Amino acid sequence: MASENFNVIKPDKGVPIKAWTRGVPLEPEAEQQLRNVAQLPFIYKHVAVMPDVHWGIGATVGSVIPTLGAIIPAAVGVDIGCGMMAVQTDLNARDLPENLKEMRRNIEQAVPHGRTHNGGPRDKGAWNNIPTRQRNVWERLRGVYEGLLERHPKLQGRSVNHVNHLGTLGGGNHFIEVCLDESDTVWFMLHSGSRGVGNRIGTYFIDLAKQDMRRWHINVPDKDLAYFPEGADHFDDYVEAVEWAQDFAMTNRDLMMQAVIKAVSLTKGLRKFKAEVKSVNCHHNYVARENHFGKNILVTRKGAVRARKNDLGIIPGSMGAQSFIVRGLENENSFHSCSHGAGRVMSRKAAKRKFSLDDHVKATENVECRKDLEVIDETPGAYKSILDVMNAQKDLVEIVHTLRQVVCVKG
DNA sequence: ATGTAC
């Protein structure tokens, strides 16, 4: 057998931690969090750590947490179902106009992006303006959500935003890109999640789990590792809600991708093209029922992508760096997983302190993207080297396509 | 990441 490509940390208490972090940094704060997770009594076999690992709330981003008979809502987090979608077109770089400003503007106009678009308290009643496709999607989704509301009336909150948020990008590190692969073939790629409604589901159930820990006098190493044991009051409802939010997120990405394809096709002088020659849509913040080492368990991937044999995944680099379309190698020790990106090396605050606008302009010189002070926290230098990260997970995935951005729309 | 309160 080939030598293993991961380091093993054996905590005093709990299961081992298998870390694909050779040649990449693992912060002490992140390692402590991994030790906290490892000592929970329901972790199955071991915790797997991806090379983009960094500190997160409760559980580290870039970790895979297999559980048997319990679920940790804060491990999934609040951006439930966050993930990536990419489609390969039959366009080539030479089909694109010299100046990509119009294409970028078309995309920006077609997909609401940023914090306060669609669904804020100000645009209640936007129902009438919702395109048929979105409305049809909501008709499919609403049943389960309304069932949840009957049991959890407080889930709704005061604002109605779920349906209005379908087809919207959101903010933070959510983005849309036009990319070229190694043969100069054009791809569209986007990163988004379940928006306001998934956030609400996440925070609501995280809070319930914390209350349950107090109610039953269960001690957890970190309050954000509060969990629902299987069979307890809220376990089934959380599983139903989280799966629903994941469905919302995946559908949201699909709706936006359709809008991007249409928007790009409006670009002046661009020839007719076929999109979705290849299509990938994968979560990297989610929980799924899976079978590992012969047992049916729950696998929580917090900043990790499923990488079974023949699964295609997307590993984006930072702005201005390469991104990868990958194929899984079904490595059982990783619970069939790989990293979800490059991973931050510093907080958003630290990045804004460290980098100037000039640094950012230099780092993104070949990309048609925002170059203002607001996006400094997303500048390439705030992230690990994507090449080091890819190198550390050669036994988890193989690279199918290497992409570089030519247009980037930030949320 | 997000909605809301400040």
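Now for a look at the structure at hand. The structure displayed is predicted, hence computed values, not measured ones.

1. So, the sheet that holds strand β17 (residues 397-410)
Read across the open sheet, the seven strands follow the order β10-β6-β8-β7-β17-β15-β14; overall the sheet is antiparallel. In this open sheet, the two strands that pair with only one neighbour each are β10 (278-283) and β14 (312-315). Sheet twist, expressed as the mean angle between neighbouring strand axes with direction ignored, is 30°. Against the sheet, helix α7 (residues 235-265) makes contact with β6 (83-92), β7 (175-180), β8 (185-192) and β10, and its axis sits at roughly 140° relative to β8, the strand it touches most.

2. Things to note about helix α4 (residues 132-151)
Taking 1.5 Å as the rise per residue, α4 with 20 residues should run 28 Å; its terminal C-alpha atoms sit 29 Å apart, in good agreement. The largest bend in α4 amounts to roughly 40° and is located at Arg142. Residues of α4 that are buried sit in contact with α5 (162-165), α6 (195-215) and α7.

3. What about the sheet that holds strand β3 (residues 47-54)?
Pairing is mixed in the open sheet, where six strands are placed in the order β1-β2-β3-β4-β12-β11. A single partner strand is all that each edge strand has here, and the edge strands are β1 (7-9) and β11 (285-292). Put simply, the sheet's adjacent strands are angled 25° from each other on average, direction ignored. Of the pairings in the sheet, the one linking β1 to strand β2 (residues 17-19) comprises three bridges and is antiparallel in character. Bridging across to β2, Asn7 finds its partner in Ala19. Strand contacts of helix α1 (residues 28-38): β1, β2, β3 and β4 (61-67), with the helix running at about 160° to β3, the strand carrying the most contacts. The strands touched by α7 are β11 and β12 (295-302); relative to β11, the strand with the most contacts, the crossing angle is about 110°.

4. So, the packing of aromatic side chains
In this structure the tally under the stated criterion is 13 aromatic pairs. On the basis of an interplanar angle of 80° and a centroid distance of 6.1 Å, the ring pair of Trp138 and Trp244 is categorised as edge-to-face. Here Trp138 is found in helix α4, whereas its partner Trp244 is found in helix α7, with 106 residues between them in sequence. In this structure Trp138 comes out as buried when scored by relative accessible area, which is 2%.

5. What about a nonpolar patch on the surface?
Where nonpolar side chains cluster on the molecular surface, the patch consists of Leu357, Val361 and Leu373 and spans about 240 Å² of accessible area. One can find Val361 in helix α9 (residues 357-363). A relative accessible area of 35% places Val361 in the partly exposed class.

6. Examining the environment of Ile315
For Ile315, the location among the structural elements is in strand β14. Along the primary structure Ile315 and Trp20 are separated by 295 residues, whereas in three dimensions their C-alpha atoms are 15 Å apart. The contact partners of Ile315, leaving out residues within four places of it in the chain, are Ser323, Phe324, Val326, Cys338, Ser339, His340, Gly341, Ile386, Met390, Gln393 and Val397.

7. Side note on the pairing of β6
Burial analysis of β6 places nine of its ten residues in the buried class, which makes it a mostly covered element. Two elements, β6 and β8, share seven bridges in a ladder whose sense is antiparallel. Each residue of the ladder has a partner; that of Ala86, found in β8, is Met189.

8. Focus on the pattern of salt bridges
Under the defined criterion, the tally for this structure stands at 25 salt bridges. Note that Arg133 and Asp254 form a salt bridge whose closest N and O atoms lie 3.3 Å from each other. A residue pair is termed long-range when its members are at least 10 positions apart, and Arg133 in helix α4 and Asp254 in helix α7 qualify at 121 residues. Residues Lys410 and Glu378 are paired through a salt bridge, measuring 3.3 Å at the closest nitrogen-oxygen approach. A residue pair is termed long-range when its members are at least 10 positions apart, and Lys410 in strand β17 and Glu378 in the loop between α9 and α10 (386-391) qualify at 32 residues. The two residues Lys410 and Glu378 agree in class, both being buried. Among the charged side chains, a salt-bridge network with shared partners connects Arg344, Arg348, Asp377, Glu378 and Lys410.

Reading the values: the criteria
Within every chain, residues take consecutive numbers counted from 1 along the sequence as written. The order in which chains are written sets their letters, starting at A; the order in which ligands are written sets their numbers, starting at 1. Totals for whole chains, interfaces and linings use all residues, but because this is a predicted model, local features are given only for residues with pLDDT of at least 70 and pairs of side-chain atoms are given and counted only at 80 or more. Side-chain descriptors were evaluated using all non-hydrogen atoms of the structure, hydrogens and water having been removed beforehand. Pairing between two strands requires that DSSP report at least two bridges joining them. A helix here means a DSSP run of H or I that spans at least four residues, while a strand means a run of E at least two residues long, and both kinds are numbered starting from the N terminus. Every axis in this analysis is a line fitted to C-alpha atoms, fitted for helices over the stretch in contact. Angles between the N-to-C directions lie between 0 and 180 degrees. We call two residues contacting when some pair of their heavy atoms lies within 4.5 Å. By definition here, a helix of n residues has an expected span of 1.5 Å times n minus one. Fitting one axis to the seven residues ending at a residue and another to the seven starting there, the bend at that residue is the angle between the two axes. Ring pairs shown here join Phe, Tyr and Trp side chains whose ring centres sit within 6.5 Å, with only the six-membered ring taken for Trp; geometry is labelled stacked below 30 degrees between planes, edge-to-face above 60, and tilted in between. Residue burial is assigned from relative accessible area. The probe radius is 1.4 Å, only protein chains are included, and a residue is buried under 20% of its type maximum, exposed over 50%, and partly exposed in between. Surface patches are defined over residues having more than 30% relative accessible area and no salt bridge, joining like charges when they lie within 9 Å and nonpolar side chains (Val, Leu, Ile, Met, Phe, Trp, Tyr) when within 5 Å. What sets the accessible areas is the Shrake-Rupley method with a 1.4 Å probe; for residues, cover comes only from the shown protein chains. The salt bridge criterion pairs a side-chain nitrogen of Lys or Arg with a carboxyl oxygen of Asp or Glu, the two atoms within 4 Å.

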